[in-house]
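Chain by chain, the residues:
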Amino acid sequence: MSSQIYKSASRTLRSFLSASSKQSSRAFSEGRAAAAGTVVSLRAGVPALAAFGTKEGGNGSRSWISGLLTLPAAVYMLQEQEALAAPMERTFIAIKPDGVQRGVMSEIITRFERKGFKLVGIKIMIPSKDFAGKHYHDLKERPFYKGLCNFLSSGPVIAMVWEGEGVIRYGRKLIGATDPQKSEPGTIRGDLAVSVGRNIIHGSDGPETAKDEIALWFKPEELVTYTSNAEKWIYEN
């Protein structure tokens, strides 16, 4: 929608620029000033050009110029809003063996639900050491790699896929820093964990990682697609 508005506004603006060569340089300069003022005013949430079109004198083109040049600024605002909108995406979240054994599964799931994210896949399994190695493949050269694999395969793991706008980035915020001692109060690790070696939860750190981890832990048919009744109360559109 915004791209169509942008194209229309651009065509109109080009026509205006072509016609402006026939107008006085003073009118064109005032038009450019009005456009600049429009961008600043719109970004600040102030009605733009409220008084410009009411100036007396001239041939009446000033009001037309100011109204016309408001279009590119409006298009700019639409594009800025689109840039700030978070994408609808999926992320992989795992409650590690320590989280399962401590009985905090429902607490973790509740935090994601309360935020407004949607659970689209869940299973419980005990990963093999080979499987754990595939999960931590990017850390293979690190000295703690073997310990990670041993621990992940030491007991049941709750594997989940969550869906929502910006769920990858914000899911990491909900989880907190890798070291619970550095996690803010209110995060999962900040509230529920103490030691970095027992930080109870794992979350994908980016879109590519999420894609790979979901594919590793879940078959396509194990994930569901549905519309939650709560979505109309969570998302504006």
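These numbers were taken from a predicted model, which means no experiment stands behind them.

1. So, the overall build of the protein
So, step 1. Scanning the protein from N- to C-terminus turns up 11 helices and 4 strands.
So, step 2. By the burial criterion, 38% of the 237 residues in the protein qualify as buried.
So, step 3. Within the protein, counting contacts between residues at least 6 apart in sequence, those at least 24 apart form 76% of the total.

2. Considerations on the packing of helix α5 (residues 105–115) against helix α8 (residues 167–175)
So, step 1. Their axes nearest at 11 Å, the elements α5 and α8 cross at an angle of 135°. Judged on the interaxial angle alone, α8 and α5 are oblique. Considering only the axes of α5 and α8, their crossing is right-handed. On the side of α5, the interface is formed by R111, F112 and K115, while α8 contributes Y170, G171, L174 and I175.

3. Here we look at the UniProt feature "active site" (unreviewed entry) in the protein
So, step 1. Those places that UniProt annotates as "active site" (unreviewed entry) correspond, in this numbering, to H202.
So, step 2. Mapped onto the secondary structure, H202 falls in strand β4 (residues 201–203).
So, step 3. Residue class for H202 comes out buried when judged on its relative accessible area of 15%.
So, step 4. For H202, the residues in contact, after removing those within four places along its chain, are F92, I93, A94, K96, H135, I175, R189 and E213.

4. Description of α8
So, step 1. Within α8, the full set of buried residues consists of V167, I168, G171, L174 and I175. For α8, the arc enclosing every buried residue in end-on projection is 115°, short of the 170-degree limit, so these residues lie on one face.
So, step 2. The secondary structure elements touched by the buried residues of α8 are β1 (88–95), α5, β3 (157–165), α9 (188–192), β4 and α10 (207–217).
So, step 3. The positive-phi residue at the C-terminal boundary of α8 is G176, with phi of around 100°.

5. Observations concerning the nonpolar core
So, step 1. Within the largest apolar cluster, 21 residues are counted, with the highest numbers of intra-cluster contacts made by I108, F112, W162, I200 and I201.
So, step 2. Going through the elements one at a time, β1, α5, β3, α8 and α9 are the ones with two or more residues in this core.
So, step 3. Of all the elements, α8 adds the most residues to this core, at 4 residues.
So, step 4. If sequence neighbours within four positions are ignored, W162 has contacts with E89, R90, T91, I93, I109, F112, E113, F117, K118, L119 and V167.
So, step 5. By size, the runner-up hydrophobic cluster in this structure holds 16 residues, among which are F92, C149, F218 and L223.

6. Overview of α10
Residues lying three or four places apart along an α-helix face the same way, a consequence of the helix completing one turn every 3.6 residues.
So, step 1. Turning to α10, its buried residues number three or more, namely A210, E213, I214 and W217. The arc that holds the buried residues of α10, viewed along the axis, is 100°, so those residues lie on one side. Seen from the open side of α10, the exposed residues pointing more than 90 degrees away from its buried face are E208, K211 and A215.

7. Quick notes on the pattern of salt bridges
So, step 1. If you walk through the whole model with that rule in mind, you get 7 salt bridges.
So, step 2. Between K118 and E163 there is a salt bridge, and its shortest N-O distance comes to 3.2 Å. Here K118, found in strand β2 (residues 118–125), pairs with E163, found in strand β3; they are 45 residues apart in sequence, far enough to count as distant. With respect to burial, K118 and E163 carry one shared label: buried.
So, step 3. The network of salt bridges with common partners includes R90, K118, E163 and E231.

8. Details of the pairing of β1
So, step 1. Across the 8 residues of β1, 6 count as buried, placing the element largely inside the fold.
So, step 2. Direction of pairing for β1 relative to β3: antiparallel, over a ladder of 8 bridges. The partner of A94 across the bridge, within β3, is A159.
So, step 3. As defined by bridge partners, β1 adjoins β4 across 3 bridges and the pair is classed as antiparallel. In the strand pairing of β4, I93 is matched with G203.

9. Comments concerning the packing of aromatic side chains
Pairs of aromatic rings are described using the distance from one ring centre to the other and the angle between the two planes.
So, step 1. Summed over the entire model, instances satisfying the criterion amount to 5 aromatic pairs.
So, step 2. With a centroid separation of 4.7 Å and 85° between ring planes, the pair formed by F131 and W217 is classed as edge-to-face. With a gap of 86 residues between them, F131 in helix α6 (residues 129–135) and W217 in helix α10 connect regions that are remote in the sequence. Comparing F131 with W217 shows no difference in burial state: the two are buried.
So, step 3. Each member of the aromatic cluster is reached from another via a ring pair, and the members are F112, F117, W162 and Y170.
So, step 4. It is K115 that lies over the ring of Y170; its NZ or CZ is 3.8 Å from the centre.

Thresholds, definitions, all that
- Residues numbered from 1 in each chain as written.
- Predicted model: local features only at pLDDT ≥ 70, side-chain atom pairs only at ≥ 80, totals over all residues.
- Heavy atoms only, no water.
- Helix = DSSP H or I, 4+ residues; strand = E, 2+ residues; numbered from the N terminus.
- Buried < 20%, exposed > 50% of the residue type's maximum accessible area, 1.4 Å probe, protein only.
- Contact = heavy atoms within 4.5 Å.
- Axes fitted to C-alpha atoms, helices over the stretch in contact; angles between N-to-C directions.
- Parallel < 35°, antiparallel > 145°, perpendicular 65-115°, else oblique.
- Left-handed = near helix turned anticlockwise from the far one by under 90°.
- UniProt positions renumbered as here; feature names shortened; annotations may be inferred.
- Arc of directions from axis to C-beta.
- Core = buried A, V, L, I, M, F, W, Y, C linked by side-chain atoms within 4.5 Å.
- Salt bridge = Lys/Arg side-chain N within 4 Å of Asp/Glu carboxyl O.
- Pairing = 2+ DSSP bridges.
- Phe/Tyr/Trp six-rings, centres within 6.5 Å; stacked < 30°, edge-to-face > 60°.
- Lys NZ or Arg CZ within 6 Å of the ring centre and 35° of its normal.

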